[in-house]
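Now for the letters of each chain:
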Amino acid sequence: MTDFARAPVTAVLGPTNTGKTHLAIERLCGHSSGMIGFPLRLLAREVYDRVVKIKGPKEVALITGEERIVPPGARWFLCTAESMPLDRELGFVALDEAQLGADPERGHVFTDRLLRARGRDETMILGSEALRPMVKALVPGVEIINRPRFSTLSYAGARKISRLPKRSVIVAFSAEEVYAVAEMLRRLRGGAAVVMGALSPRTRNAQVAMFQAGEVDYLVATDAIGMGLNMDVAHVAFASLRKFDGHRQRRLTVAEMAQIAGRAGRHQRDGTFGAISEEGPGAFTPEEVEAIEQHHFPPLQSLYWREGEPDLSSIDALIADLEQKPFADVLRAAPQAIDLAVLKRLAEEDWVRARVRGPRGVARLWAACGLPDFRKLGLDPHQRFVAKLFGYLSEGQGHIPHDWFAAELARLDTVTGDVETIAGRIAAVRSWAYIAHRPDWLADPLHWAERTRGVEERLSDALHASLRQRFVDTRTTMLMRQIGADAGALPLTIGPQGEVMVDDHILGKLDGFRFVVAADARAADKRLLLAAAEKRLGAERARRAAALVAADDKAFALVDAVGAAPALAWAGLSVATLRPGPALTRPRIDLDRALDCLDKEVRDRIRQRLADWVAAQLERHAPPLARIEAIARDATASAALRVIAATLDAGAGFAARAPIGDSVDPLTTDDRQRLRRAGVTIGALDLYAGALLKPQAARWRHALLAARRDQPLAAAPPPGATVLPRGQPLASGFRDIGAQSVRLDLVERIARAAHDARKGAKPFAPDPALATSIGITPATLAKLMTQLGFRTAPAQEGAPRWLWRGRPARVKAVAAPPRGAFAGLADLMVRQG
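Keep in mind that this is a model prediction, so the values were computed, not measured.

Conventions used here
- Residues numbered from 1 in each chain as written.
- Predicted model: local features only at pLDDT ≥ 70, side-chain atom pairs only at ≥ 80, totals over all residues.
- Heavy atoms only, no water.
- Helix = DSSP H or I, 4+ residues; strand = E, 2+ residues; numbered from the N terminus.
- Buried < 20%, exposed > 50% of the residue type's maximum accessible area, 1.4 Å probe, protein only.
- Contact = heavy atoms within 4.5 Å.
- Areas by Shrake-Rupley, 256 points an atom, 1.4 Å probe, with all protein chains shown as cover.
- Phe/Tyr/Trp six-rings, centres within 6.5 Å; stacked < 30°, edge-to-face > 60°.
- Lys NZ or Arg CZ within 6 Å of the ring centre and 35° of its normal.
- pLDDT = per-residue confidence, 0-100.
- Polar contact = N/O pair within 3.5 Å; in protein donor to acceptor, adjacent residues only side chain to side chain.
- Axes fitted to C-alpha atoms, helices over the stretch in contact; angles between N-to-C directions.
- Parallel < 35°, antiparallel > 145°, perpendicular 65-115°, else oblique.
- Nonpolar A, V, L, I, M, F, W, Y, C, P; charged D, E, K, R; others polar.
- Pairing = 2+ DSSP bridges.
- Core = buried A, V, L, I, M, F, W, Y, C linked by side-chain atoms within 4.5 Å.
- Left-handed = near helix turned anticlockwise from the far one by under 90°.
- Salt bridge = Lys/Arg side-chain N within 4 Å of Asp/Glu carboxyl O.

*Asks:* Can you help me understand the overall build of the protein chain in this one?
*Replies:* Across its full length, the protein chain holds 29 helices and 34 strands. Counting over 833 residues, the protein chain shows a buried share of 51%. Taking as baseline every contact in the protein chain between residues at least 6 positions apart, the subset at least 24 positions apart corresponds to 66%. Carbon and sulfur atoms provide 51% of the accessible area of the protein chain, an area that totals close to 38400 Å².

*Asks:* Help me understand unusual backbone geometry, please; the structure alone is not making it clear to me.
*Replies:* When glycine is set aside, most residues are seen to have a negative phi, and most peptide bonds are trans. Even without glycine at this site, Ala652 takes up a positive phi of about 55°. Relative to the helices and strands, Ala652 is located in the loop between helix 22 (639–650) and strand 27 (654–656). The backbone of Asp710 sits at a positive phi, close to 55°, despite the residue not being glycine. Along the chain, the position of Asp710 falls in the loop between helix 25 (695–709) and strand 30 (723–725).

*Asks:* Whenever I open this one, the packing of aromatic side chains confuses me. Can you help?
*Replies:* For any pair of aromatic rings, the description rests on two quantities: the centre-to-centre distance and the angle between the ring planes. Following the criterion strictly, the structure yields 17 aromatic pairs and no others. When the centroid spacing of 5.9 Å and the interplanar angle of 20° are considered together, the rings of Tyr179 and Phe471 count as stacked. Taken together, the residues Tyr179 in helix 5 (residues 175–189) and Phe471 in helix 16 (residues 445–471) connect sequence positions 292 residues apart. When its relative accessible area of 8% is taken as the criterion, Tyr179 is described as buried. Looking at Phe471, the relative accessible area reads 0%, which means it is buried. Taking 5.5 Å as the distance between ring centres and 80° as the angle between the ring planes, the aromatic pair formed by Phe385 and Trp432 counts as edge-to-face. Of this pair, Phe385 sits in helix 13 (residues 379–393) while Trp432 sits in helix 15 (residues 419–436), placing them 47 residues apart in sequence. Among the aromatic residues, ring-to-ring pairing joins Phe385, Tyr392, Trp404, Phe405, Trp432 and Trp448 into one connected group. Positioned above the aromatic ring of Phe211 is the side chain of Arg167, whose terminal nitrogen or guanidinium carbon lies 3.8 Å from the ring centre. The ring of Phe385 has Arg375 lying over it, and the distance from NZ or CZ to the ring centre is 5.0 Å.

*Asks:* Explain the confidence of the model for the protein chain to me, please; I cannot follow it from the model alone.
*Replies:* The predicted structure's coordinates, where accompanied by low pLDDT, should not be read in detail. Looking at the protein chain, pLDDT values average 86 and 89% of them are 70 or higher. Least confident of the elements in the protein chain is helix 29 (residues 823–832), whose mean pLDDT is 35; most confident is strand 6 (residues 92–95), at 97. Low confidence marks residues 480–488, where pLDDT is under 50. Its contacts with residues over four positions away, or in another chain, come to 13 contacts.

*Asks:* What am I meant to see in helix 1 (residues 20–30) here?
*Replies:* In an α-helix, one full turn covers 3.6 residues, which means residues spaced three or four apart are oriented alike. Every buried residue belonging to helix 1 is among Lys20, Thr21, Leu23, Ala24, Ile25, Leu28 and Cys29, and all of these are buried. Looking at the packing, one finds that the buried side of helix 1 touches strand 1 (9–13), strand 2 (34–38), helix 2 (41–55), strand 5 (76–80), strand 6 and strand 7 (122–127).

*Asks:* Sorry if this is basic, but what is going on with the side chain of Ser168 here?
*Replies:* You can see Ser168 is positioned in strand 10 (residues 168–171). A distance of 2.5 Å separates the side chain of Ser168 from the backbone oxygen of Pro165, its partner in a polar contact. Sequence-distant contacts of Ser168, defined by excluding residues within four places in its chain, comprise Phe211, Asp217, Tyr218, Leu219 and His235.

*Asks:* Which parts of the structure should I look at to understand the packing of helix 5 against helix 16?
*Replies:* Any two packed helices are characterised by how steeply their axes cross, that is the angle between the axes, and by the distance between the axes. Interhelical geometry of helix 5 versus helix 16 gives an angle of 50° and a closest axis separation of 8 Å. Judged by the angle between their axes, helix 5 and helix 16 are oblique. The segment helix 5 lies against helix 16, with Tyr179, Ala182, Glu183 and Arg186 engaging Leu467, Arg470 and Phe471. Class assignment for the residues of the contact of helix 5 with helix 16 results in four nonpolar, no polar and three charged.

*Asks:* Hey, could you run me through the sheet that holds strand 4 (residues 68–69) in this one?
*Replies:* Within a beta sheet, neighbouring strands are joined by backbone hydrogen bonds and run either parallel or antiparallel to one another. One open sheet holds the eight strands; their spatial order is 4-3-5-2-6-7-1-8, and the pairing between them is mixed. Both outer strands of the open sheet, strand 4 and strand 8 (143–146), are each paired with one neighbouring strand and no more. Of the pairings in the sheet, the one linking strand 2 to strand 5 comprises five bridges and is parallel in character. Pairing of Phe38 across the sheet is with Thr80, part of strand 5.

*Asks:* How do you make sense of the nonpolar core when you look at a structure like this?
*Replies:* The tendency in soluble globular proteins is for nonpolar side chains to be buried side by side. Residues Leu343, Leu365 and Ile435 are the most contacted members of the largest nonpolar core, which totals 66 residues. The greatest single-element share of this core, amounting to nine residues, is contributed by helix 15. If we ignore the near neighbours within four places in the chain, the residues touching Leu365 are Ile315, Leu343, Leu346, Val352, Val356 and Phe390.

*Asks:* What am I meant to see in helix 10 (residues 338–347) here?
*Replies:* Most of helix 10 is tucked away: seven of the ten residues are buried. Turning to helix 10, its buried residues number three or more, namely Asp339, Leu340, Ala341, Val342, Leu343, Leu346 and Ala347. Among the structural elements, helix 9 (315–322), helix 11 (350–355), helix 12 (358–369) and helix 13 are those in contact with the buried residues of helix 10.

*Asks:* Could you clarify how one ought to interpret the sheet that holds strand 24 (residues 567–570) in this entry?
*Replies:* Pairing in this open sheet of four strands is antiparallel, and the strands run 23-24-25-26 from one edge to the other. Single-partner strands in this sheet number two, and they are strand 23 (556–559) and strand 26 (586–591). Going across the sheet, the axis of each strand differs from the next one's by a mean of 35°, ignoring polarity. Relative to strand 25 (residues 573–583), strand 24 is paired through four bridges, and the arrangement is antiparallel. Residue pairing across strands places Leu568 opposite Ala576, the latter belonging to strand 25. Packed on one face of the sheet, helix 25 meets strand 23, strand 24, strand 25 and strand 26 and runs near 70° to strand 25.

*Asks:* What is the right way to look at the packing of helix 22 against helix 24 (residues 669–677) in this model?
*Replies:* The interhelical angle for the contact between helix 22 and helix 24, taken along N-to-C directions, is 25°, at an axis separation of 11 Å. With respect to helix 24, the element helix 22 is oriented roughly parallel. Considering how the two elements wind past one another, helix 22 and helix 24 form a crossing that is right-handed. For the pair helix 22 and helix 24, contact is made by Leu641, Ile644 and Leu648 and by Asp671, Arg674 and Leu675, respectively.

*Asks:* Teacher, can you tell me more about the pattern of salt bridges here?
*Replies:* Within the structure shown, the criterion is met by 50 salt bridges. A salt bridge links Glu288 to Arg251; the shortest N-O distance between them is 2.9 Å. With a gap of 37 residues between them, Glu288 in helix 8 (residues 286–294) and Arg251 in strand 15 (residues 249–251) connect regions that are remote in the sequence. The buried category is assigned to Glu288, whose relative accessible area is 10%. Across the pair Glu408 and Arg411 runs a salt bridge, and its minimum N-O distance is 2.9 Å.

As structure tokens, this is what we get:
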């Protein structure tokens, strides 16, 4: 940023609850343009929302690693410290929590902004009093203003969790500890909200809103609570005074304790702090208590520094600049951050150096190394991820492939799982959001930024719901407060997903027509809730029944799950099962017991609507079934035709030819034409309706057969299968031949091909290509040829040769065929050759 030497620089120092951030917002809005850098994305988002209310959304920008909202005419910018655009000329610039320059991990960023971020008209540095000597040493001409705390902060001693006052925040220093404390509060005090730095702004805001609205009286948080998040807190209790700082477990400094404890009290309302342990490492010492109450902390002796504008002429020059020694005595070289560690590893790769050409390539490599390790996987996995990323950025058009990006994002776009699982997905999505907000890393960054935002919002909502479900239990208290013992007075509302609620508290769900009490409801509540549902949900059930009767055919579906009875579903809800009926195509429709709550007349209308839909589906997908039934019932049909139709009806359109051969032979030409019009093929070995082998028809056949037998559905052949291992019943549309089961229409196709290849009584070799393409083995083909009435010719070299035997072989899979059983094929052979 341009160095505006004449613009005043003001440092506003003091403890928490001094209104420093509020002052900075006022000054920001008083200038024609401005920017504030914050330590947390959550805080940047919170202040962004406040400034938008003052200036309007078209004038205000939000820039963080994972979120970028920059309207074309934006003049006021709210950013994380790392994301501050230092190349913009703005009237006002402020840096919040500047004492974080002493943090080993991120300190060099805050120090760089303290040194270089300047406003054209005014610059403001916000921080603790401990920062005073650093500001005086590093910022010439700075004006230092001390802001006293508005209210008194006092030590309240140690209290057990069960005795903490309402409006308390309990601070822990790991996710596991946060969850353990929240679970204890749920059991002891009805529940708690949860706030951690890893939460998305959407989840954090929803959790804080619960606390602010009084839905819960307690909030469990990590030390992120100390960074300016504004809440109405009366007491801060420390579950521990030790934290892991990325390198080791250590005790909090007094300044860190005070930063967190200072969240207690609001404006001029006094606050208290304490611990939940009376002794041991989790207890405050008298010296620490006095320092916190009096706001007396050791001044900072140094800040961490790293070159903020490194030389990008080459990789080696970049590394050298990033590792150079500080220019001032009060500055310390920053410990090697993960971005520099990744850079140094990639610098050892020959392919990386080969692709880095000139300052632009170096800048692109350094930008890739700047991707934060949001998932906290450690150096090795993170370095591999960055290497893959840079590989894409340094080839072709320099864009990350959208299919890779989309696949990784889709893998995370699921809201199933527990709190930890969903929180892990949000951390992973932050990496993709960071990538999507780089202006030149994707071919369509705006599209992917919107997609990542949508995924994060869905996960955030799911995480908030999971946190609420896991750590909040206010149902019993709310019920008794609302209705006492009168279930009929329960003020129920029904949400868009069927949630049954009282004042937005979910008591259960209307799953179709069945009211399901919430799984976490106590046993004592269930009878009360069920009684209330019976009295208050009648109108909604009647509305749903009317919607079912009037629904379009597309709203219904056949449910054919293996191991269950065939069922019918409406809008994804199972509403009936199929049972044995007067005919295969007219199964009995048994409505689900959940519909017993409806009047008989309404149930009859639903049953008729479902029967009409089944009839329409069978006419569409399996018309031969009804035609075969009609022939079997036709008193004017010949006896032979009715026998065949009845056999086909029993097999749902399939029948072996051998057992009914005596009925096939006497069929007249008119009988055969009638069967053909019904869709039936009289094959060499079987009679079958070919249309019933299609996938949808096969589904319905499978379900209707199970319904007629009143049995659960067995596994069906895969759709489109041609050959399967031996053991498939004929009713499935396959015939056992040797070690394989072959689909009926393909058996007939091979029979016809064999006839076409035969030349009178001479030996012939059928072309095996058809059988091979279907998947039939040579051994199966040999057995099939025998069943079709052929015998092998005397042995010769080459492929097996066959002779027409003049009569079919006996087929073991069915009864021995009577004389004339294969007359259809024999007659065909005589007529055609």
